Amino acid sequence: MRYQAILLIILCFALVGSAYAETGEEWFEIGSAQFDNSSFVEAISAWQKAAEIDSTLSANAWYNIGLAYAGMEQYELAIQAWDKTIALTPESPIAYDNKGTALALLGRNDEALAAYDIAIKLDPDQAKFKSDRDMLVNGLNKAKSPLSPAAVVVAVLVASLFLVYHRRL
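Residues numbered from 1 in each chain as written. Predicted model: local features only at pLDDT ≥ 70, side-chain atom pairs only at ≥ 80, totals over all residues. Heavy atoms only, no water.

Q: Tell me about the overall build of the protein, and please be specific about residues and values.
A: On a plain count of helices and strands, the protein comes out with 9 helices and 0 strands. Listed by position from the N terminus, the elements making up the protein come as α-α-α-α-α-α-α-α-α. Taking all 169 residues of the protein together, 44% fall into the buried category. The long-range fraction of contacts in the protein, counting pairs at least 24 apart against all pairs at least 6 apart in sequence, stands at 51%. In the structure as shown, the protein presents an accessible area of about 9,400 Å², 60% of it carried by carbon and sulfur atoms. (Helix = DSSP H or I, 4+ residues; strand = E, 2+ residues; numbered from the N terminus. Buried < 20%, exposed > 50% of the residue type's maximum accessible area, 1.4 Å probe, protein only. Contact = heavy atoms within 4.5 Å. Areas by Shrake-Rupley, 256 points an atom, 1.4 Å probe, with all protein chains shown as cover.)

Next comes the structure, spelled out in C-alpha cells:
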C-alpha cells in the first residue's frame, strides 16, 4: 500500500509538471519519468513533443519511443521508431541492434541478421550485439524461437540503462 501511494505521488508530480513543460528537454525528462513508471503511451507522447520542440533531441526521442513500443510488444511500431532514429543518426549501433531484436521477434530473421550485422560493423567491440546475433543464429539452427520473452525484457532493460548513462546515440 505504501509503495502504491508513493507511485501515485510521483505520477501526480509528473502530470502536474507536464502542464508546465515548455522546452524539449523538459518534455524529454517527462517522457523518461513516464517510461520509468511503465506509462508507455504517455512517455511516447512526451518524447514526440520533445522531438517537435527541439530537433537536437529527435534521435534520442525516437530511440526511446522505440523502447516504449517494444515495452508494449508493438514491435512493428518499435521498428518504425528505430528506423527514424537510424535516419537521423545512421551511426547508432544500439538502434540497429534493437531493431534486429524486434525483427527477430516478428520472425523476420533475414532482416534481423542484417540489422545485427550493421550494429556489429558500427561497434565491433560491443559484445551484446554479437551475443544478440548469435542467439538468433543458434535459435535458427535449433529451429526454436530466436529470443524468449525474458530475453526481450533483459534487452530492453539493458538498452534503457545504456540510454540513461549515454544520452547521445
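Q: Tell me about the nonpolar core, residues and numbers included.
A: The biggest cluster of nonpolar side chains holds 41 residues, and the ones touching the most others in it are F35, W47, I65 and W82. Mapped onto this core, the elements with two or more residues apiece are helix 2 (24-36), helix 3 (40-53), helix 4 (58-71), helix 5 (75-88), helix 6 (93-105), helix 7 (109-122) and helix 8 (127-141). Here this core gets 8 residues from one element, more than from any other, and that element is helix 4. Every residue in contact with I65, bar those within four places of it in the chain, is listed here: I44, W47, Q48 and A81. (Core = buried A, V, L, I, M, F, W, Y, C linked by side-chain atoms within 4.5 Å.)

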